[in-house]
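Tertiary structure, described
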Amino acid sequence: MILFLVLCLGTVSANVGTDKESLRLSIGQSGLDFASDVSAHMLSELEKFAAGGLNLPDIRGDVDITGLRLSGLHLEKPVLSVVPNTGLNVKTPGVELQVNGNWRYNGWIAVTGSLTLTSKLDLSVTAGAYADMVNKRFATVPKGCSVSYRSFSIDLNNAFYSWIVSFFEDTVKSEIKKAVCNEISGVIRTTLNGVIASIPHEIDIPNVMSVKFGPDANPAFSKNQIDLPAQVSAGGESFPFKPTGISGAMLPGYMACILLSDYTLNTASFAALQAGKIVERLPNQWVTASNPLMNTSYYQTILPGLYTAHPDTAITYKVTNTRYPTIQFLHQNIMLHLPVNVVLEVAGSKAITASVTLGVSGVVKVNGGDITASVTNITHVSKLLDTKVGPISDLESLMDTIIENTVEPMVNNVLNKGFTLPIKDWVLLKKTSVTAQQDYLEVCGDVELTDKSLAEIKKIIAQLVG
């Protein structure tokens, strides 16, 4: 359960993955402490599910011990820490167990009875993780398990036969150690990996597509932090650009960080927004027909040829992309490069056609698990392709007017929609820091588990010990 929490969250070090790394989910020691606090609230659920759920193998010898079954369990809050270059260690001190079973003495007399075993022990488990490149997900593997007893006693429920305990006490202690560690190893190898496989491995970009992500390299376990480097793919496409990898250092004091390269978004853009895929017509919900720009009267002075040919006539605009848009994170900003054709139509005919290469600067915001942006500046380079209303002396000024009133609100709407981080259903980010670095976006913050996540954890507990 604890490792599940860690992998669902996501301090950042340089050169964690390969040059293809384009997404990183990371968690630091304060995040591990948070996972520990969360698990402390779930201990009663785990105790309830686990009681009666663990069977120990029968022991044969001078005394046969059969039907050993866990009947009581009490857990203390676990302590989580990183074992550098190995994995995540979970120490659970003072675990109290009660086991019931039956015994049979096979000596000079044949006697049988029931027994109650009580013990208090310290449990330490280390789980590692690796990149399963075949199934395209991270997977967990047991790396170590140790059990040390604080106390141990066996009650045969009959004082007369208490001397028999010496025949099998050490064997039972050994079998309990083995059974507990075997059970935990099985959970880490199978059940937990099934849980990880069920977590959606994609980033949903509304009205565009979903970008799938998988491991880039094995997780990095360094002092006080875990980093999960990932790659993205979009529809099996081959792209005319390459990822540059991610390197950097996070701001201290946060539970978790997500690093998202601009390559991630550009793969989606290339796959879904080729030339002609973005088509906007005006008037629309952002620029209505009542806008002065939607009538030739607006151009009576700055474009007299248009007004002379079509006095007081309604105008429509058509904006179409001529290439997929590209995004670049740079120096606290998000930069959007979008080449479009802008067509001004009057009475159903094209009056002016121009190509415009837009450079849009924006600021990035995060709310919960959504990343959005808003326009702060738009620059453009224009070229006149065709005119049916005579020469245009100042194309750039004309395009300034058109873009400010048409394209800018359209682009703002797209950026305001933003996209959802892959962890939103599971955790929400609080007290966030959003920084646009060189070619990647760094989102750091503290986290809060969603109701869905808490409900899933309870299901997982039942699955783990069922």
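Our subject in this report is the structure included herewith. (Residues numbered from 1 in each chain as written. Predicted model: local features only at pLDDT ≥ 70, side-chain atom pairs only at ≥ 80, totals over all residues. Heavy atoms only, no water.)

**Overview of the overall build of the protein chain**
In terms of regular secondary structure, the protein chain is built from 8 helices and 20 strands. When the 466 residues of the protein chain are sorted by exposure, 51% land in the buried category. Total accessible area on the protein chain stands at roughly 20,900 Å², and carbon and sulfur atoms take up 51% of it. (Helix = DSSP H or I, 4+ residues; strand = E, 2+ residues; numbered from the N terminus. Buried < 20%, exposed > 50% of the residue type's maximum accessible area, 1.4 Å probe, protein only. Areas by Shrake-Rupley, 256 points an atom, 1.4 Å probe, with all protein chains shown as cover.)

**Considering the nonpolar core**
By size, the foremost hydrophobic cluster in this structure holds 57 residues, and its most contacted members are Tyr 299, Leu 306, Tyr 317, Leu 344, Leu 358, Leu 398 and Val 411. Per-element accounting of this core gives the leading share, 8 residues, to strand 16 (residues 349–367). Leave out the neighbours within four places in its chain, and Leu 344 touches Tyr 299, Leu 306, Ile 315, Thr 316, Tyr 317, Ser 349, Lys 350, Ala 351 and Ile 352. Core analysis: the next-biggest nonpolar cluster, separate from the first, contains 36 residues, Leu 56, Ile 59, Val 147 and Phe 152 among them. (Core = buried A, V, L, I, M, F, W, Y, C linked by side-chain atoms within 4.5 Å. Contact = heavy atoms within 4.5 Å.)

**Quick look at the pattern of salt bridges**
Taken as a whole, this structure holds 8 salt bridges when the rule is applied. The network of salt bridges with shared partners includes Asp 58, Arg 60 and Asp 64. (Salt bridge = Lys/Arg side-chain N within 4 Å of Asp/Glu carboxyl O.)

**Description of the pairing of strand 16**
For strand 15 (residues 333–346) and strand 16, the ladder comprises 13 bridges, and the chain directions are antiparallel. Within strand 16, the position partnered with His 337 by the bridge is Gly 359. Where strand 15 folds back on strand 16, the antiparallel hairpin that results is connected by 2 residues, among which Ala 347 adopts a positive phi of roughly 55°. Alignment of strand 16 against strand 17 (residues 370–387), held across 16 bridges, turns out to be antiparallel. Bridging across to strand 17, Val 356 finds its partner in Ser 382. (Pairing = 2+ DSSP bridges.)

**Digging into the state of the cysteines**
Scanning the model with the defined rule gives 2 disulfides in all. Here Cys 145 connects covalently by a disulfide to Cys 181, the sulfurs 2.1 Å from one another. The sign of the S-S torsion, about -75°, decides the handedness of the disulfide formed by Cys 145 and Cys 181: left-handed. Of the two residues, Cys 145 sits in strand 6 (residues 137–155) while Cys 181 sits in helix 3 (residues 169–198), which places them 36 residues apart along the sequence. Using a relative accessible area of 29% as the deciding quantity, one classes Cys 145 as partly exposed. Two residues share a disulfide in this structure: Cys 257 and Cys 444, whose sulfurs sit 2.0 Å from each other. With the S-S dihedral at roughly 100°, the linkage between Cys 257 and Cys 444 falls on the right-handed side. Separated by 187 residues along the polypeptide, Cys 257 in strand 11 (residues 256–261) and Cys 444 in strand 20 (residues 440–449) bring together distant segments of the chain. A relative accessible area of 1% places Cys 444 in the buried class. (Disulfide = S-S within 2.5 Å.)

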